[in-house]
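# Coordinate analysis (summary)
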Amino acid sequence: MVKEEQPESVNRPDNTAFTQQRLPAWQPMLSAGIIIPGFVLIGLAFIGIGVALFVTSRSIQMLEMDYTGYEQNSPCFKCSDESVKNCMCNLDFNIDTLFKGPVFFYYGLSNYFQNFRRYGVSKDLDQLSGDMDAFLDPTSDCAPYQYDGNNKPIVPCGAVANSMFNDTFKLYQIVKGVKKLVPLDGKGIAWWTDYNIKYRNPTVKPLKNAFNGTVKPLNWPKPAYELDPSDPANNGFINQDFLVWLRTAALPNFSKLYRRITEGDYAEGLPAGNYSLEIAYNYPVLSFDGRKKVVFSNVSWMGGKNEFLGIAYLVIGSMCVVMSIVMLIVYAKFKFPEED
Amino acid sequence: MLRRRLNRLLGRDERIADRRTIYVGHRSGSTNDAIIPPKFCDNRIVSSKYTVWNFLPKNLFEQFRRIANFYFLIIFLVQVIVDTPTSPVTSGLPLFFVITVTAIKQGYEDWLRHKADNEVNKYPVTVIEDGRRIRKESEKIKVGDVVQVEEEETFPCDLILLQTSRDDDTCFVTTASLDGESNHKTHYTVPDTGRDLESLNATIECEQPQPDLYKFVGRMHIYTSNQDPAMRSLGPENLLLKGATLKNTQRISGVAVYTGMETKMALNYQGKSQKRSAVEKSINAFLLVYLCILVSKALVCTTLKYAWQGTPGQDEPWYNEKTQTVKETNFYLKMFTDFLSFMVLFNFIIPVSMYVTVEMQKFLGSFFITWDKDFFDPEIKEGALVNTSDLNEELGQVEYVFTDKTGTLTQNNMEFIECCIDGFQYKYRDASSELDGFCVTDGPVSKLQQKAGREREELFLRALCLCHTVQVKEPIECHDQGDGLMDQVDGLEADGQETSSLQEQRGFIASSPDEVALVKGAMRYGFTFLGLESKTMKILNRNNAVEMYELLHVLNFDPVRRRMSVIVRSKSGDILLFCKGADSSMFPRVRQEEVERIRMHVERNATEGYRTLCVAYKYLSAEEYNQADKGLREARLALQDRDEKLMAVYNQVETGMSLIGATAVEDRLQEEAAETMMALQGAGINVWVLTGDKMETAKSTCYACRLFQRNTELLELTVRTLEDGGRRREKRLHDLLNEYYKKAVLDAPPVKGGVTRSWSSTNQDYGFIIDGATLSMVLNSSESNSSRYKNLFLQICQNCTAVLCCRMAPLQKAQIVKMVKNSKGSPITLSIGDGANDVSMILEAHVGIGIKGKEGRQAVRNSDYAITKLKHLKKLLLVHGHLYYVRIAHLVQYFFYKNLCFILPQFLYQFFCGYSQQPLFDAAYLTMYNICFTSMPILAYSLFEQHISIEVLLDNATLYREIAKNAMLRWGPFLQWTLLSLYHGLLFFFGVRFLFSNPALQDNGQVFGNWSFGTIIFTVLIFTVTLTLALDTRHWTWINHFVIWGSLAFYVFFSFFWGGIIWPFLKHQRLYFVFANMLSSVSTWLVIILLILLSLMPEILLTVFCKPRGSNARQRKLVQSSVGDLQSPRSSARPLLMRTFSDESNTVI
């Protein structure tokens, strides 16, 4: 309680705009006068963007082919049996018109849950950034892919690495009955930061020595340091296929970038003609009712083909315009009696 | 509390044990007894709750007793124990933050208390031990110590005054820090103790400590050698309370009777019972709903998870095998663990920071009340006072106002208007009209005789001068002149003009302003009270001669007797008793033939709104006096039932008096009382006047305040109406109740929407009047169907525009408040009063408001809010209350909204990740969402929002009705908000999910992973949630701009920062460059813009669609209302808010 003896100036509340709740304030009113033109403008802008998106999306060529071999007549049916090892199958297809380049080559998996919680955390970033201590003592997150049966540490440990997609593809154009290899570019398929900063190989040279005392993931045919022996910049943990796989997908049906077709005769795209895709079929998916596919696509400024965005913009845009018209009518009806 | 209850319990059973014996100076009473020093507590005051050692455990314990905190603790523990999707940090950090902030606040408050305690406890005091003066720390004082206190010092404990430096065995104290009364109070030494303290051998027997500041009974046995112990009674006038300050007295000595926590101050310190606001109840209800949502979400997910896993291949695909331990875990345990994991994943749906934000909002928001300069009263130089900030929003929900009359509706600034002596009316006119200014204006009884006899006049005026407990305030400078005052007065005979002007300036201090008015009134007629010196009252009479009267006894005023008396002995030796009191208590005690002459005047004065008092006297023969004297002394010495015994003696003495006359004192209405009352009624608030005053006076005040209007039909239920029929009173009461019920409730057209009264209606207005006696009949009716009548009574009252309850005892006021409070629909009640008699109703009502008036500070101390004038109530309710309610209601709804749309995408994601509890958002986002990204804008909103400007709110009381009955926190608006958050959550998730049907979103063909997915959703979420608030903000101060745009900027900045660095303490670096990559994709930009716009669209649309109709309706209403209360029509109130899903609710945000 304030004592009476205090001078008045102490007791009297400050007469400032803040204390008197009279700060200057902007008091926006969403009136029809603003909303209706605003909606028209937004609507038109959205329709514009929507048209652009839609047209762009339409112009993107995309070729999707399932090669799981689920049906008996599909070319990879023979490989879908897990007992068959080192199975190869060919997927033949033809392109009617020029498939404009650069063409991006994706592989896709369905009903595959890379976003399982336990799966997602089942890796050891310390290992993957080249920390040798973590080689011999992988994090327990990697379990049950932490140690092998002989209690040797697995490098790279964890479910993500262990389940790395290991089908390989070779694309041939069949020119006059002769198979002509289409060069596939495996660079630039992973995020730049993943490749250059986040993941690192151990500094030990040769790389192989760093892996002494460790074993390769159980599912891998060869150890990490032999992922791409031809190119040290694409070997070990910075192998781009590996990095792409490590970036776990958001949804159970996903596709991942496999290669780009940017070189040689195919820099302009895949010319019309017959093609044959030679698949080394290693990756079993039927056990969990999964599907595998390959996707050829070119991209635009908006990325891959995506009809949703364009249609959404068109719908919302026209909705805005319609709304503004409705509002105008409503206003015409209600405003006049008010003015009487 | 427990101790008090225990004491009370013990007191009832064995009253003897209910007293303590104190050995003054620790000397045993009779010399041969060895002292067994009784154990009393030491003089340490402990108001602090914690010590350094127990702060942490005790504070944590207190905090975790709150349900929300406990809930988060459980979640945290689950996260620590069970393998859960999010790390314990995500819920631990916000909890830690909340707990720390609260602990710091409470620790700081406790530190302040410690400091204050130490200041008191270490204060040096002088104790007299064996004749030596010893300096001690205050906390070392023991009961029985003789303590010396100097002028301007505060008393270190409760003392019995033994010795004073003043000659007249008195000392003056102020109790400003106890009850706020700053006037000087006189206390008396115990007779025969003062002379020689060293050799004083005495014991004191007194009651056990009790918190009533104004009650004390005890007696002192003084042992002198060879004589029987003398016994002296002790009363509150001998007791100096700890905390009071010694004034105008150089030094006193006293013996400590109560120390430390047993002093009356400490006993009064106990915290008031916590009042909880209706908003908090709503919060708890909503919380419960959200808990249900949470549990059902977790259940659904768990069920689906196991159903889904049942299909072959899904439970354990080859790429994601389970560990050995998981495989070995019991199936049901696994299920339970999964359930807990889902709970943890979705736990953010319960807004952890809401309680903190709400508390912060209340605490900070309440400053606007204290800061409001409109509440500042230049007279007493004080503004409004907020004693609790918990009830701010309750001010916007008031449905019933219970107001005291005296000092609240009226100024309690009494002015003597007229008097009547022997049936002749005397009215004061300017001195010019007649020589002594004492003229007769009306002589209704006999035209012949113009004046009562001079004898009677003077007797009457002497009675006014003597029958009171007024003190003369001595001007400080002439304080030490003391005796000189006498000479001065004598010497002034020559110059009467100057005398009177000097006398006019003289201040009087009294417990009741009526007394001052009467003494001043007598002064105007030539009889001046000069003061009381050593039991002698001096009066300056019309001939400027000083008359002396020896004051023998004061028979104090009490509200039950409703009168007071003095017994004086005049110089001639006559013993006279003067008595003044309320007519009802006086008339039965005087001769009946005198009554008739006076009664008419009294009644007329009462109808004019004056307070009337009757004055009577009687001569006491020596024998009668001796008898009375003996009776009074005995009663005063009694240790038990002293009050009852005194009362009996009083009643015995105050009989057979003769009535001289009556006085009329005007109590002016408070400034703008009528306007305030009208505004309250316009706001749909029922105003009840609860007063102890008599019906006629109260009724006229009600008319003056326009609570009753000319066309108001009054329904009376008083003792008088009950006696009309000559039948049994209860029967008559029930008949009347039925009749009124039929009239006011059944025949009245139903009032729309529960709003109690609309100004525009042409219905008959009813006013209801009831008095205390009748009320107790209604409430305590002996008959079996009493509850029916109570119910009838309540319904009648609720249908009346104004209710007047007169002749109320303080407890009855509280009873009424309680009855209304607990009636159907449990309306929010507000009590406003200024006096001690209003404390009970102030404590009882939902909101208690004290007026810093003239009747001390008890009301203010016990109130939730204190204001200086009644007129401030209007702004307090209509503006502050309204704004606080709207702010906090929006705050609460928004909090639930933002958390539901935060967690809904997370829930939906479970359907796409195999129910594996995969979090959609990164842990940092989960943690920071509530405490950083979205907390500041809503806090700023809830502090500064003014959806309607202050002026409009003040001018249009009807706006208050739009938020009545918790309008913004009912299930309707809650459902709307929930639907909105569902819409937003679904939109966010599926919008981005469809975008991700092709995860190649960059022009380099690279794909986005799950963290990009979550981050896009989170970005949309942050922007939408903040912009939704921005749309609702009607009042953009720079602070709002700063926090809204600042929060968004902070989010962007933080995301870059968080994703831009490899944080060494993180295991997975999930967000590394995710945000930057996201922004490099055009599609992502487009989808973010699209989703934000789509989310905000319904709100914008509804604003526009609802507004024309809404503002139309409002204008019509306003025009009507202004016709009703004859104000100039308001052309347009700024249309209200947004968030509207229906026309009905468009007044609601």
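Please read these numbers as outputs of a predicted model, since none were measured by experiment. (Residues numbered from 1 in each chain as written. Chains lettered and ligands numbered in written order. Predicted model: local features only at pLDDT ≥ 70, side-chain atom pairs only at ≥ 80, totals over all residues. Heavy atoms only, no water.)

### What about the overall build of chain B?
Operational definition: Working definition: helices are DSSP H or I runs of at least four residues, strands are E runs of at least two. Numbering for both runs from the N terminus. Exposure categories follow from relative accessible area, calculated using a 1.4 Å probe and restricted to protein chains: below 20% of the type maximum is buried, above 50% is exposed, and the middle band is partly exposed. Whether two residues are in contact is decided by their heavy atoms, any of which lying within 4.5 Å being enough. Methods summary: accessible areas were calculated by the Shrake-Rupley approach with a probe of 1.4 Å, and residue burial reflects only the protein chains presented.
For chain B, the count of helices and strands is 38 helices and 34 strands. A burial count over chain B gives 59% of its 1149 residues as buried. Taking contacts inside chain B between residues at least 6 apart in sequence as the whole, the part at least 24 apart equals 74%. Looking at chain B as shown, the accessible area adds up to about 46800 Å², and 56% of this sits on carbon and sulfur atoms.

### Description of the overall build of chain A
Our working rule: The atom set for the radius of gyration is the C-alpha atoms, and the globule formula is 2.2 Å times the number of residues raised to the power 0.38.
Secondary structure summary: chain A contains ten helices and ten strands in total. Relative to a compact globule of 340 residues, whose C-alpha radius of gyration would be 20 Å, chain A shows 30 Å and is clearly more extended. Per-residue burial over chain A gives 50% buried out of 340 residues. Accessible surface, chain A as shown: approximately 15600 Å² in total, 57% of it carbon and sulfur.

### Here's the deal with the side chain of Ser-570 of chain B
Residue and element names in this part refer to chain B. Within the secondary structure, Ser-570 is located in strand E24 (residues 563-570). Looking at Ser-570, the relative accessible area reads 11%, which means it is buried. Setting aside residues up to four positions removed in sequence, Ser-570 forms contacts with Met-548 and Tyr-549.

### Looking at the nonpolar core
Filter applied, for reference: Remark: nonpolar core denotes a set of buried residues (Ala, Val, Leu, Ile, Met, Phe, Trp, Tyr, Cys) joined through side-chain atoms within 4.5 Å.
Of all hydrophobic cores here, the largest spans 256 residues; its most connected members are Trp-245, Leu-270 and Phe-296 of chain A. With 23 residues, the single largest contributor to this core is helix H30 (residues 872-909) of chain B. Contact partners of Leu-270 of chain A, with chain neighbours within four places excluded, come to Ile-95, Thr-97, Leu-98, Phe-99, Val-103, Leu-171, Val-182, Ile-261, Tyr-275 and Phe-296 of chain A. Among the nonpolar cores identified, the runner-up in size contains 41 residues, and Leu-461, Cys-467, Ala-517 and Met-537 of chain B belong to it.

### Thoughts on the interface of chain B and chain A
Worth spelling out the cut-off: By definition, the buried area sums, over both parts, the 1.4 Å-probe accessible area that each loses when the two are put together. Salt bridge, as used here, is a side-chain nitrogen of Lys or Arg placed within 4 Å of a carboxyl oxygen of Asp or Glu. Here a polar contact is taken to be a pair of N or O atoms separated by no more than 3.5 Å, where protein atoms must pair a possible hydrogen donor with a possible acceptor and residues adjacent in sequence count only if both atoms sit in side chains.
Between chain B and chain A, the residue contacts involve 102 residues of the former and 92 residues of the latter. For the pair chain B and chain A, the summed buried surface comes to about 8900 Å²; carbon and sulfur atoms form 62% of the total. One can count two salt bridges joining chain B with chain A. The tally of links from chain B across to chain A stands at 29 residue pairs in polar contact (both at pLDDT 80 or more). Considering each element in turn, the side of chain B that touches chain A owes the most residues, 19 residues, to helix H38 (residues 1082-1124) of chain B.

### Brief notes about the pattern of salt bridges
All names here are of chain B. Under the criterion given, the structure shown has 43 salt bridges over all chains. Between Glu-596 and Arg-599 there is a salt bridge, and its shortest N-O distance comes to 3.7 Å. Of the two residues, Glu-596 and Arg-599 are both situated in helix H18 (residues 592-607); the distance of three residues between them amounts to about one turn of the helix. On the basis of relative accessible area, Arg-599 is assigned to the partly exposed category, the value being 32%. Here the residues in one salt-bridge network are Lys-122, Glu-137, Glu-139 and Lys-140, joined through shared partners.

### Some points on the packing of aromatic side chains
Residue and element names in this part refer to chain B. In plain terms, the rule: Within 6.5 Å between ring centres, the rings of Phe, Tyr and Trp (the latter by its six-membered ring) count as paired, and their orientation is classed by plane angle as stacked under 30 degrees, edge-to-face over 60, tilted in between. Sitting over a ring, as applied to charges here, requires NZ of Lys or CZ of Arg to be within 6 Å of the ring centre and within 35 degrees of the ring normal.
Enumeration according to the criterion identifies 106 aromatic pairs over all chains in this entry. Consider the rings of Tyr-925 and Phe-933, whose centres lie 6.2 Å apart with planes at 65°: the pair is edge-to-face. The pair Tyr-925 / Phe-933 is uniform in exposure class, with both members buried. For the cation-ring pair, Arg-993 lies above Phe-994, with the distance from its terminal atom to the ring centre recorded as 5.7 Å.

### Digging into the side chain of Ser-831 of chain B
Structurally, Ser-831 of chain B can be placed in strand E32 (residues 829-833). In this structure, Ser-831 of chain B is in contact with Phe-402, Val-817, Met-841, Ile-842, Ala-845, Val-847, Gly-848 and Ile-849 of chain B, ignoring residues within four places of it in sequence.

### Things to note about the state of the cysteines
Residues and elements named next belong to chain A. The cut-off we apply is this: Disulfides are defined in this document as cysteine sulfur pairs within 2.5 Å.
The tally for this structure, following the rule as stated, stands at three disulfides over all chains. Through a disulfide, Cys-79 is tied to Cys-87; the S-S separation comes to 1.6 Å. A torsion of -60° about the S-S bond marks the disulfide between Cys-79 and Cys-87 as left-handed. Residue Cys-79 shares its accessibility class with Cys-87, and that shared class is buried.

### A few points about the pairing of strand E15 (residues 400-404) of chain B
Residues and elements named next belong to chain B. The condition that has to hold: Criterion used throughout: strands pair if DSSP finds at least two bridges between them.
Most of E15 is tucked away, with five of its five residues classed as buried. Side chains Tyr-400, Phe-402 and Asp-404 of E15 all project onto a buried face; the interleaved residues Val-401 and Thr-403 project onto the opposite face, where all are buried too. In the sheet, E15 pairs with strand E28 (residues 686-690) via five bridges, with the strands oriented parallel. Paired with Phe-402 across the two strands is Trp-688, which belongs to E28.

### Considerations on the pairing of strand E31 (residues 802-806) of chain B
Residue and element names in this part refer to chain B. Most of E31 is tucked away, with five of its five residues classed as buried. Going residue by residue along E31, you find Ala-802, Leu-804 and Cys-806 tucked away on one face and Val-803 and Cys-805 tucked away on the opposite face as well. For E28 and E31, the ladder comprises four bridges, and the chain directions are parallel. In the sheet register, Val-687 faces E31, and the bridge partner there is Ala-802. As paired elements, strand E30 (residues 766-771) and E31 share five bridges and run parallel to each other.

### Some thoughts on the packing of helix H13 (residues 454-466) of chain B against helix H16 (residues 513-524) of chain B
Residue and element names in this part refer to chain B. This is how the line gets drawn: Comment: axis = line fitted to C-alpha atoms, over the contacting stretch for helices; angle = value between 0 and 180 degrees taken between N-to-C directions. Roughly parallel means an angle under 35 degrees; roughly antiparallel, over 145; roughly perpendicular, 65 to 115; everything else is oblique. The crossing is said to be left-handed when, going from far helix to near helix, the turn is anticlockwise and less than a right angle, and right-handed when the turn is clockwise. Each residue is assigned to one of three groups, with Ala, Val, Leu, Ile, Met, Phe, Trp, Tyr, Cys and Pro labelled nonpolar, Asp, Glu, Lys and Arg labelled charged, and all others, Gly among them, labelled polar.
For the pair H13 and H16, the least separation of the axes is 8 Å and the interaxial angle reads 140°. On the basis of the axis angle, H13 is oblique to H16. Helix-helix and strand crossings are classified by hand; for H13 and H16 the assignment is left-handed. In this structure, H13 contributes Leu-461, Leu-464 and Cys-465 to the contact, and H16 contributes Leu-518, Val-519 and Ala-522. Its residues assigned to classes, the contact of H13 with H16 shows six nonpolar, no polar and no charged.

### Some points on the confidence of the model for chain B
Residue and element names in this part refer to chain B. Inclusion rule: Per-residue confidence from the predictor is reported as pLDDT, which spans 0 to 100.
In the predicted model, chain B carries a mean pLDDT of 79, and the fraction of residues at 70 or more is 83%. When the criterion is pLDDT under 50, residues 1108-1149 qualifies, and its contacts beyond four places in sequence or with other chains add up to 92 contacts. Predicted complex, confidence summary: ipTM 0.95, pTM 0.78.

### Regarding the environment of Asn-1004 of chain B
All names here are of chain B. Its place among the elements puts Asn-1004 in the loop between helix H34 (971-995) and helix H35 (1010-1032). By relative accessible area, which is 26% here, Asn-1004 ends up partly exposed. Linking Asn-1004 and Ser-1081, residues 77 residues apart in sequence, is a C-alpha distance of 9.5 Å. Within the structure, Asn-1004 has its side chain in polar contact with the backbone nitrogen of Gln-1006 (distance 3.1 Å).

### Quick notes on helix H27 (residues 810-821) of chain B
For clarity, the threshold we go by: By this rule, a helix spans an expected 1.5 Å times one less than how many residues it contains.
The first and last C-alpha atoms of H27 of chain B sit 17 Å apart over twelve residues, in line with the 16 Å expected at 1.5 Å per residue. Along H27 of chain B, the residues that are buried comprise Gln-812, Lys-813, Ala-814, Ile-816, Val-817, Met-819, Val-820 and Lys-821 of chain B.

### Looking at empty space enclosed by the protein
To keep it simple, the criterion reads: Definitions used for this entry: grid spacing 1 Å over protein atoms alone; cavity, a set of points where a 1.4 Å probe fits but cannot get out; pocket, an open set with protein on both sides within 12 Å along at least 5 of 7 lines; lining residue, one with an atom within 4 Å of a point. Grid points are joined across faces, edges and corners, and a volume is the space filled by probe spheres set on the points.
Under the counting rule described, the total for this entry stands at eleven cavities of 30 Å³ or more. What the largest cavity holds in volume is close to 180 Å³. What lines the largest cavity is a set of 15 residues, among which Gly-120, Lys-123 and Thr-248 of chain A together with Trp-1011 and Arg-1070 of chain B lie closest to the centre. Contributions of two or more residues to the lining of the largest cavity are made by helix H3 (117-121) and helix H7 (192-198) of chain A together with H35 of chain B. The greatest single-element share of the lining of the largest cavity, amounting to three residues, is contributed by H3 of chain A. Looking at the lining of the largest cavity residue by residue, the classes come out as four nonpolar, five polar and six charged.

### Structural notes on the sheet that holds strand E5 (residues 168-175) of chain A
All names here are of chain A. On the basis of which strands lie adjacent, the open sheet formed by four strands has the order E2-E9-E5-E6 and antiparallel pairing. Since the sheet does not close on itself, it has two edges, and those belong to strand E2 (87-95) and strand E6 (178-181), each with one partner. Each neighbouring strand pair of the sheet contributes to a mean axis angle of 30°, computed without reference to strand direction. Across four bridges, E5 lies against E6 in antiparallel orientation. Directly across from Val-175, in E6, lies its bridge partner Val-178.

### What to know about the sheet that holds strand E4 (residues 103-110) of chain A
All names here are of chain A. An order of E1-E10-E4-E7 is seen for the four strands of this open sheet, with the pairing classed as antiparallel. Edge positions in the open sheet fall to strand E1 (62-66) and strand E7 (254-261), since each of these has one partner strand only. On average, each strand axis in the sheet is tilted by 20° relative to the strand beside it, whichever way the strands run. The sheet contact formed by E1 and strand E10 (residues 291-298) spans five bridges and is antiparallel. Across the sheet, residue Asp-66 finds its bridge partner in E10, namely Lys-293.

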